[in-house]
Amino acid sequence: TVDERPAGFENNDHKPVGHGRMLRKEDPRFIRGKGRYVDDVQLPGMLHCAILRSPVAHARIVSIDTTAAEAHPKVKAVVTGAALTELGLAWMPTLSGDVQAVLATDKVRFQGQEVAFVVAEDRYAARDALELIDVEYDVLDPVIDVRRALEPGAPVIRDDLDGKTDNHIFDWETGDEAATEAVFASADVVVSEDIVYPRVHPAPMETCGCVADYDRIDGRLTLWSTSQAPHAHRTLYAIVAGLPEHKIRVISPDIGGGFGGKVPIYPGYVCAIVGSIVTGKPVKWMEDRSENLTSTGFARDYIMRGEIAATRDGKILAVRTNVLADHGAFNGVAAPVKYPAGFFGVFTGSYDLQAAHCKMTAVYTNKAPGGVAYACSFRITEAVYLIERIVDCLAYELQMDPVELRIKNFIQPDQFPYRTKTGWLYDSGDYEPTMRKALEIAGYDELRREQAERRACGELMGIGVSFFTEAVGAGPRKDMDILGLGMADGCELRVHPTGKAVVRLSVQTQGQGHETTFAQIVAEEIGIPPADIDVVHGDTDQTPFGLGTYGSRSTPVSGAAAALVARKVRDKARLIASAMLEVSVADLEWQKGAFHVKGDPAKSVTIQEIAMRAHGAGDLPEGVEGGLEAQICYNPENLTYPHGAYICVVDIDPGTAQVKVRRFVAVDDCGTRINPMIIEGQVHRGLTDGVGMALMEMIAFDEDGNCLGGSLMDYLIPTALEVPDWETGFTVTPSPHHPIGAKGVGESATVGSPPAIVNAVVDALKPFGIRHADMPLTPSRVWDAMRGVPRPP
Ligand code: CDP
């Protein structure tokens, strides 16, 4: 592990990629307001789609009268579930093998569910016409509480499923129950705690939407959509709608944030496509903010019982957990097929344990479907929160410093690759230096001294620590697929005759800066300046197949593909160079951007000269085709396992119970760093996510199933006012199997920060004898905790 590297690196070395902090190539466009988002797409004759949504959480549909809406002068079509049934499109598959209603046919199952849609000449007319649709509902008893959903006699939400008589979705377990029980039975200390990760929403700046343009003459569908996975979406549209895949083009232009919320296919996309097929015109559908918050993919919603067993002197022996997972009305969880609980299996964290076990039950409720991986690799956020909270509970019981407890239990550097007790193979890690660096930046000992002084004066200052290991870069195709599609990524590189290049990716950026960093990776490998390399993505007609961007998989999978495709082009360039320099291939040496004759650097040819020769007149060496391009499909050997140490300092106002995050130190290790400036931006964003989840955000429901977080007036997200000046640092432990040693980082901070903040708040409340409090730690919750009011059920 090192913490500083010189700029510029030779291939196969693990130094940061050259051009390090180069400014983002995409920013001149964004800061001038020239980004092109889906809602900017205007096509001649385009119509607008609006969706009628259920006002209630659970009801039988008695009748739908669309006569008045159809009579509206600007309305072109009104479509109900009955009409979609005739087309075989009323139901669609979810990412996790369930089915979801595109438009409700029999019942509505959550407030905000899609019931009908209108296509009209403009957005206003479409919205107006929704009010002319008369739906008669027979309201049923809603099931909102996940525990109640499992009780015998609870109303059955999914009576559309053959033979379904309860609300149970699946049971899942990992680890060794008996071995874990044995360790628990003989442990000195066992601590258990009920820990809730509330339902939250990714809430991207740009809501979901699309423009569907179906050409009736040649049967071609072009869909501009807010999709994090254009290729996978195209395949699913082909399978579901029966349209030939080669006649579908999905374009994801600039996207205003995805955070996992733009991975699923939502009913709105299907409605717009049907609207375009029915009317023969392009149709635009854009959600408003409330529709986004109430109907598109939520995240988390886990009720967890965490248990930890240890020796009295703080050696952690085992952890186990029992989880109730609320999946809403349809199981729309986004995760590789074999992982119904996502990557929750990494709940053993960064610690060397003797045993671990998890049991999980997933349940339907009358809430919006989802379970999307909001800025995390498939439920890792929940896993990290559980272990980092329960370790702090143990520290509380043992009266040990939480840092000391963690360091004592870290997996040691010589144990990597490390197989966890739940079967995950951590590729590399060196945890203690990362932790020590965070302690040093924070001035941990001084902070503890300050805390003691303040406590003596009755002030509530808290210091929270978290240490996380993520599993990102899904994934090896032997283990991971989404609906049968393997999770490998394609990449294509073409070098034009004049030495400029275009790299085509299967991943799709939503603001992470791929146009810059992927150009940097290729530049480093092939020696063409990043400014001369164009990055093309987000268009199925222009890029090779791959599964898209989520779960911080772009760098681990497509980043590797970009490095390897560049090496493939370089290998071909070497053959051409040998002919140009009239020496054998073995006599050539590569120095970024040029081949020269070994021992005679003056005799050299640049990559640009080689590119011209590859396309130019004259013979090429035997067996070498013209042109300078290559394509690959990269299948990762393993996930990458970034880690990080976070320290948060909070002050709580004893009069109002308001929590203020005073300082936050984040030291991240994502292996080889491509662009440190972009990494810092990613970390700042994720830390802000963490403040939101820990202190403010929750999609709550009343007992009738009314969503209480349906606008940004109710669903609070953090602004610059609620966050401190972030203090970041890094260490570098390269991934041994990634061609440039890089691991993902896009979501590390979202994963690692909530436990650090909650641990800090709980630490501040220690004088009240508090060991745990549930997120979001709003003033009212902290106030109740200070007064001993029991936690909400
Ligand atoms: O899949 P996603 O792009 O969301 O996540 P990521 O692969 O972690 O990358 C997020 C951004 O950080 C991209 O622009 C990466 O190229 C950049 N990054 C980096 O510069 N160095 C790393 N080791 C990892 C990511």
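Owing to the predicted nature of the structure, the values given are computational and were not obtained by experimental measurement.

## What to know about the overall build of the chain
Right, so step 1: The secondary structure content of the chain amounts to 19 helices and 32 strands.
Right, so step 2: Compactness check: the chain gives a C-alpha radius of gyration of 27 Å against a globular reference of 28 Å for 793 residues, within 12% of the reference.
Right, so step 3: Taken along its principal axes, the extent of the C-alpha atoms in the chain is 80 × 75 × 50 Å.
Right, so step 4: By residue count, 63% of the 793 residues in the chain fall in the buried class.
Right, so step 5: For the chain, the exposed area adds up to about 28,100 Å²; of that, 51% sits on carbon and sulfur atoms.
Right, so step 6: The chain carries 77 positive and 107 negative side-chain charges, and their two centres are separated by 3 Å.

## Focus on the packing of helix 10 (residues 380-398) against helix 11 (residues 402-409)
Right, so step 1: As a packed pair, helix 10 and helix 11 sit with axes 9 Å apart at the nearest point and diverge in direction by 115°. Classified by the angle their axes make, helix 10 and helix 11 are roughly perpendicular. Relative to helix 11, helix 10 is oriented so that their crossing is right-handed. Where helix 10 abuts helix 11, its residues Glu388, Val391, Asp392, Leu394 and Ala395 lie against Pro402, Leu405 and Arg406.
Right, so step 2: Considered class by class, the residues forming the contact of helix 10 with helix 11 number 5 nonpolar, no polar and 3 charged.

## A word on the pairing of strand 20 (residues 460-469)
Right, so step 1: Among the 10 residues of strand 20, 10 are classified as buried, and the element is accordingly described as predominantly covered.
Right, so step 2: Burial along strand 20 is two-sided: the residues Leu460, Gly462, Gly464, Ser466 and Phe468 and Met461, Ile463, Val465, Phe467 and Thr469 are all buried.
Right, so step 3: Taken together, the 10 bridges between strand 20 and strand 30 (residues 643-652) define a ladder with antiparallel strand orientation. Following the sheet pairing, Phe468 is matched in strand 30 by Gly644.

## Section: a negative patch on the surface
Right, so step 1: On the surface, Asp65, Glu70, Asp134, Glu136 and Asp138 cluster together to form a negatively charged patch.
Right, so step 2: Among the structural elements, Asp65 can be located in strand 2 (residues 59-65).
Right, so step 3: A relative accessible area of 37% places Asp65 in the partly exposed class.

## Thoughts on the site of the ligand
Right, so step 1: Residues in contact with the ligand amount to 23 residues; listed here are only the nearest, His514, Ser554, Thr555, Val745 and Gly746.
Right, so step 2: Note that a nitrogen atom of the ligand is positioned 3.1 Å from one of the backbone N or O atoms of Ile674.
Right, so step 3: Contact between the ligand and Asn675: an oxygen atom at 3.0 Å from a main-chain N or O atom of the residue.
Right, so step 4: When the free accessible area of the ligand is taken as 510 Å², the share hidden by the protein chains comes to 98%.
Right, so step 5: Of all elements in the fold, only helix 14 (514-526), helix 15 (554-581) and helix 17 (676-695) reach the threshold of two or more residues within the shell around the ligand.

## As for empty space enclosed by the protein
Right, so step 1: With the rule as written, the count across this model stands at 4 cavities of 30 Å³ or more.
Right, so step 2: Every residue along the wall of the largest cavity is listed here: Leu95, Ala229, Ala232, His233, Leu236, Val263, Ile482, Leu485, Leu547 and Tyr550.
Right, so step 3: Split by residue class, the lining of the largest cavity holds 9 nonpolar, 1 polar and no charged.
Right, so step 4: Approximately 50 Å³ is the volume attributed to the second largest cavity.

## Overview of unusual backbone geometry
Right, so step 1: In this structure, the amide linkage connecting Ala474 to the following residue, Gly475, adopts the cis form with an omega of -25°.
Right, so step 2: One can find Gly475 in the loop between strand 20 and strand 21 (481-482).
Right, so step 3: Along the chain, Met775 connects to Pro776 via a cis peptide bond; the corresponding omega equals -5°.
Right, so step 4: Within the secondary structure, Pro776 sits in the loop between helix 18 (748-764) and helix 19 (779-786).
Right, so step 5: Phi is positive for Ala375, close to 45°, though the residue is something other than glycine.
Right, so step 6: Mapped onto the fold, Ala375 is located in the loop between strand 17 (355-363) and helix 10.
Right, so step 7: What makes Ala375 buried here is its relative accessible area of 1%.
Right, so step 8: Of note in this structure, Phe378 is not a glycine but carries a positive phi near 50°.
Right, so step 9: Positionally, Phe378 belongs in the loop between strand 17 and helix 10.
Right, so step 10: Residue Phe378 is classed as buried on the basis of its relative accessible area, which comes to 3%.

## Quick word on the UniProt feature "domain: Aldehyde oxidase/xanthine dehydrogenase a/b hammerhead" (unreviewed entry) in the chain
Right, so step 1: The UniProt feature table records "domain: Aldehyde oxidase/xanthine dehydrogenase a/b hammerhead" (unreviewed entry) at residues 32-141.
Right, so step 2: Taken as a whole, residues 32-141 contains 18% helix and 37% strand, while its terminal C-alpha atoms sit 52 Å from one another.

## Here we look at the nonpolar core
Right, so step 1: Residues Phe343, Phe344 and Leu695 are the most contacted members of the largest nonpolar core, which totals 179 residues.
Right, so step 2: With 12 residues, helix 10 is the single largest residue contributor to this core.
Right, so step 3: Those residues in contact with Leu695, other than ones at most four positions away along the chain, are Val659, Val661, Ile757, Val761, Pro776, Leu777 and Thr778.
Right, so step 4: In terms of nonpolar packing, the next biggest core, distinct from the first, is built from 45 residues, Phe518, Val569, Trp590 and Val597 among them.

## Some details on the sheet that holds strand 30
Right, so step 1: Strands sit in the order 20-30-31-32 across an open sheet of 4 strands; the sheet is mixed. Two strands in the sheet have a free side with no partner beyond their single neighbour: strand 20 and strand 32 (727-730). In this sheet, adjacent strand axes meet at a mean angle of 15° when their direction is disregarded.
Right, so step 2: The strands touched by helix 13 (residues 444-456) within the sheet are strand 20, strand 30 and strand 31 (659-669), with strand 20 carrying the most contacts at an inclination of about 150°.

## Considering helix 4 (residues 123-130)
Right, so step 1: Buried residues of helix 4: Ala125, Ala126, Ala129 and Leu130, and no others. What you see down the axis of helix 4 is that its buried residues fit within an arc of 145°, all on one side.
Right, so step 2: At its buried positions, helix 4 is contacted by strand 1 (47-53), helix 2 (67-71), strand 3 (75-80) and strand 7 (114-120).
Right, so step 3: At the N-terminal boundary of helix 4, the capping side chain belongs to Asp122, with an oxygen 3.0 Å from the backbone nitrogen of Tyr124.

## What about the pattern of salt bridges?
Right, so step 1: One pass over the full model with this rule turns up 60 salt bridges.
Right, so step 2: Here Glu388 makes a salt bridge to Arg406, at a shortest N to O gap of 2.7 Å. Of this pair, Glu388 sits in helix 10 while Arg406 is found in helix 11, placing the two residues 18 residues apart along the sequence.
Right, so step 3: Glu388 sits in the buried class, given a relative accessible area of 0%.
Right, so step 4: In this structure Arg406 comes out as buried when scored by relative accessible area, which is 0%.
Right, so step 5: Residue Glu492 is joined to Arg494 by a salt bridge in which the shortest nitrogen-to-oxygen separation is 3.0 Å.
Right, so step 6: For Arg494, a relative accessible area of 31% gives the class partly exposed.
Right, so step 7: It is possible to trace a salt-bridge network through shared partners that takes in Arg60, Asp98, Asp106, Lys107, Arg109, Arg158, Asp159 and Asp160.

## What to know about the pairing of strand 17
Right, so step 1: Burial within strand 17 is extensive, with 8 of its 9 residues counted as buried.
Right, so step 2: Pairing of strand 9 (residues 168-175) with strand 17 involves 7 bridges; the strand directions are antiparallel. Bridge assignment links Gly175 to a residue of strand 17, and that residue is His357.
Right, so step 3: Of the strand pairs in this sheet, strand 16 (residues 316-326) and strand 17 are connected by 9 bridges, and their pairing is parallel. Counted as the bridge partner of Arg320 is His357 from strand 17.

## Observations regarding the packing of aromatic side chains
Right, so step 1: This structure, assessed with the given rule, holds 24 aromatic pairs.
Right, so step 2: Between the aromatic rings of Phe343 and Phe378, the centroid separation amounts to 5.0 Å while the plane-to-plane angle is 70°, which identifies the pairing as edge-to-face. In this pair, Phe343 sits in the loop between strand 16 and strand 17 while Phe378 sits in the loop between strand 17 and helix 10, placing the two residues 35 residues apart along the sequence.
Right, so step 3: Among the residues examined, Phe343 registers a relative accessible area of 0% and is labelled buried.
Right, so step 4: Aromatic ring contacts, followed pair by pair, group Tyr339, Phe343, Phe378, Trp424 and Tyr550 into a single cluster.
Right, so step 5: Against the face of Tyr364 rests Arg158, its NZ or CZ located 5.0 Å from the ring centre.

Conventions and cut-offs
- Residues numbered from 1 in each chain as written.
- Predicted model: local features only at pLDDT ≥ 70, side-chain atom pairs only at ≥ 80, totals over all residues.
- Heavy atoms only, no water.
- Helix = DSSP H or I, 4+ residues; strand = E, 2+ residues; numbered from the N terminus.
- Rg over C-alpha atoms; globule rule 2.2 N^0.38 Å.
- Buried < 20%, exposed > 50% of the residue type's maximum accessible area, 1.4 Å probe, protein only.
- Areas by Shrake-Rupley, 256 points an atom, 1.4 Å probe, with all protein chains shown as cover.
- Lys, Arg positive; Asp, Glu negative; His and termini not counted.
- Charge placed at Lys NZ, Arg CZ, Asp CG, Glu CD.
- Axes fitted to C-alpha atoms, helices over the stretch in contact; angles between N-to-C directions.
- Parallel < 35°, antiparallel > 145°, perpendicular 65-115°, else oblique.
- Left-handed = near helix turned anticlockwise from the far one by under 90°.
- Contact = heavy atoms within 4.5 Å.
- Nonpolar A, V, L, I, M, F, W, Y, C, P; charged D, E, K, R; others polar.
- Pairing = 2+ DSSP bridges.
- Patch = residues over 30% accessible without salt bridge, like charges linked within 9 Å, V, L, I, M, F, W, Y side chains within 5 Å.
- Salt bridge = Lys/Arg side-chain N within 4 Å of Asp/Glu carboxyl O.
- Near = heavy atom within 4 Å.
- Polar contact = N/O pair within 3.5 Å; in protein donor to acceptor, adjacent residues only side chain to side chain.
- 1 Å grid on protein atoms, 1.4 Å probe; cavity = no way out; pocket = protein on both sides within 12 Å on 5 of 7 lines; lining within 4 Å.
- Points joined across faces, edges and corners; volume = space filled by probe spheres on them.
- UniProt positions renumbered as here; feature names shortened; annotations may be inferred.
- Core = buried A, V, L, I, M, F, W, Y, C linked by side-chain atoms within 4.5 Å.
- Arc of directions from axis to C-beta.
- Phe/Tyr/Trp six-rings, centres within 6.5 Å; stacked < 30°, edge-to-face > 60°.
- Lys NZ or Arg CZ within 6 Å of the ring centre and 35° of its normal.

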